[in-house]
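Here's the letter readout for the chains.
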Amino acid sequence: MYLVYIDGSGSVKNPNEKYFILGGVSVFERQIFHLIKHVDEFVESLDLGPPEDVELHASVIANGREKPWKGVPRKERLQIVENALEIVRQSHGSVSLFAIAVHKAQRAPNDPVEYAFEEICNRFNLQLKRIYNRAEKKEEGKHRGLVVMDKSNYESALQSLARTFRVQGTRWGELRNLAEVPLFVDSQASRIIQIADLVAWAVRRRYEYQDTRYFDKIVSRFDSEGGVLHGLVHFGPNDENCHCPACLSRAIRDAAIQ
Ligand SMILES: [Zn+2]
C-alpha cells in the first residue's frame, strides 16, 4: 500500500493571497517508519525541547512568533525549513511528492481546496496505475492508496467530497486504486503530515512570491516518469506564459502529442 499525506498552504479567503496550494508526500508502507525516523532525528538535533512538542509547521517556523521558535533568529529558522526539505530530497527512491498550485481567482467560483484535492487524488491514483503497469500488471505491483490529511483543516468538507468521488467518479475517471475515504490525523502527531505542510509551503513561496529557494530543494522529487512531471500541477492565470517546471513539462508533452 502507498499512503499520500496531504496538507495545504495559503488562505482560501484572504484576497491578498493569489494562490492556494495542496502538497502531498506519497510513501510506500515499508518506508513510513524510516522517513519518520529521519525527521524525528532531525527535530531532536535542533535541541528545542522535547521532540514530540516540536511541530514542523513551515509558516509558524517562518514567522517565529510562537514557542519553540520564538527567539531563534530568522536566518536560522529559515535554514531549519530548508534542512527539513533536504531530508525529503534525500529520502528513499519510492518517496515522491505532489503539489497542486491553484490561482484562486482564475478558478473562481470553484472552491480551490476541492479543486486541488480532486486533482491530487487523481494524480495519486494515476501514480498507482503506472506502478502497476510498470510491474507488467503482476499482482505484486498492485497497490491500493490511502489519503491521509490533517484533521484540523478540512475534515468534514473533504470527507464527503471523497465519498462522492468514489460513488460518481471524477472528471478523469474513477479513483479505483484508492482504498478508502481520507484518513484524518492530528498533524502534531504525524511527522509526514508536517513534511506535506513544508512541501506545500515551499511551493507557495515559489508561486506566490517567486521565491525558489525551498522549491528548488525538492523539485527533483515530484512524481515523474520518463522526464514528464506528473506530480506538480500549476493552474495559473490563462494569460500568463509560465515557464515553471510544471507548465514547461506540460508544453513539451503536448508538443510531442501533436
Ligand atoms: Zn506554471
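The structure under discussion appears in the preceding block.
About the criteria used
- Residues numbered from 1 in each chain as written.
- Predicted model: local features only at pLDDT ≥ 70, side-chain atom pairs only at ≥ 80, totals over all residues.
- Helix = DSSP H or I, 4+ residues; strand = E, 2+ residues; numbered from the N terminus.
- Rg over C-alpha atoms; globule rule 2.2 N^0.38 Å.
- Buried ≥ 20, exposed ≤ 12 C-beta atoms within 10 Å, placed from the backbone.
- Contact = placed C-beta atoms within 7 Å.
- Core = buried A, V, L, I, M, F, W, Y, C linked by C-beta atoms within 7 Å.
- Pairing = 2+ DSSP bridges.
- Expected span 1.5 Å × (residues − 1).
- Axes fitted to C-alpha atoms, helices over the stretch in contact; angles between N-to-C directions.
- Parallel < 35°, antiparallel > 145°, perpendicular 65-115°, else oblique.
- Left-handed = near helix turned anticlockwise from the far one by under 90°.

## Section: the overall build of the chain
- For the chain, the count of helices and strands is nine helices and eight strands.
- Whereas a compact globule of 258 residues would reach a radius of gyration of roughly 18 Å, the chain reaches 18 Å, a difference of no more than 12%.
- Over its C-alpha atoms, taken along the principal directions, the chain stretches across nearly 55 × 45 × 35 Å.
- When burial is assessed residue by residue, the chain has 40% of its 258 residues classed as buried.
- Long-range pairs, those at least 24 residues apart, make up 69% of the contacts in the chain between residues at least 6 apart in sequence.

## Observations regarding the nonpolar core
- Membership of the largest hydrophobic core comes to 65 residues, with the highest contact counts inside it found for Val4, Tyr5, Val25, Ala99, Ala101, Leu198 and Val199.
- At 11 residues, helix α7 (residues 191-209) tops the list of elements feeding residues into this core.

## So, the environment of Ser91
- Here Ser91 lies in the loop between α3 (74-89) and β3 (96-103).
- Residue class for Ser91 comes out buried when judged on the 20 C-beta atoms lying within 10 Å of it.
- Between the alpha carbons of Ser91 and Val199 there is a distance of 14 Å; along the sequence they are 108 residues apart.

## With respect to the environment of Ser9
- Looking at where Ser9 falls in the secondary structure, it is placed in strand β1 (residues 2-9).
- For the pair Ser9 and Tyr19, spaced 10 residues apart in sequence, the C-alpha to C-alpha distance is 8.6 Å.
- Leave out the neighbours within four places in its chain, and Ser9 touches Ile21, Gly23, Asp197, Ala200, Trp201 and Arg204.

## Observations regarding unusual backbone geometry
- The omega torsion across Lys67 and Pro68 is 0°, close enough to zero to call that bond cis.
- Locating Pro68 in the fold gives a position in the loop between α2 (58-63) and α3.
- Residue Glu136 is not a glycine yet carries a positive backbone phi of 55°.
- Despite not being glycine, Lys137 shows a phi value in the positive range, around 60°.

## Remarks on the pairing of strand β2 (residues 19-28)
- Counting buried positions over the 10 residues of β2 gives nine, a clear majority of the element.
- In this sheet, β2 lies alongside β1 in antiparallel orientation, the contact comprising eight bridges. Note that in β2 the partner of Val4 across the bridge is Ser26.
- Where β2 and β3 come together, eight bridges link them in antiparallel fashion. By the bridge assignment, Gly24 is partnered in β3 with Phe98.

## Considering helix α1 (residues 29-46)
- Spanning 18 residues, α1 covers 27 Å between terminal C-alpha atoms, matching the ideal 26 Å at 1.5 Å per step.
- With its phi angle positive at about 60°, Asp47 sits one or two positions after the end of α1.

## A look at the pairing of β3
- With seven of eight residues buried, β3 is to be regarded as a mostly interior element.
- Of the strand pairs in this sheet, β3 and strand β8 (residues 232-235) are connected by four bridges, and their pairing is parallel. When the bridges of β8 are listed, Val102 appears paired with Phe235.

## Focus: the sheet that holds strand β4 (residues 145-150)
- Taking strand neighbours across the sheet as the criterion, the six strands line up as β5-β4-β1-β2-β3-β8 in an open arrangement whose pairing is mixed. The sheet is open, and its two edges are formed by β5 (183-185) and β8, each paired on a single side. Between one strand axis and the next, the sheet turns by 20° as a mean value, whatever way the strands run.
- The sheet contacts of α1 involve β1 and β2, and relative to β2 the element is tilted by about 110°.
- Strands in contact with helix α5 (residues 112-134) are β1, β2, β3, β4 and β8; relative to β2, the strand with the most contacts, it is inclined by about 25°.

## A short note on the packing of α3 against α7
- Orientation of α3 relative to α7, taken along the N-to-C sense of each, is 110°, at an axis distance of 10 Å. Taken together, the axes of α3 and α7 lie roughly perpendicular to each other. Where α3 crosses over α7, the handedness of that crossing is left-handed. From α3, Val81, Ala84, Leu85 and Val88 reach across to α7, where they touch Ile195, Leu198, Val199 and Ala202.

The analysis is restricted to geometry; functional conclusions fall outside its scope.
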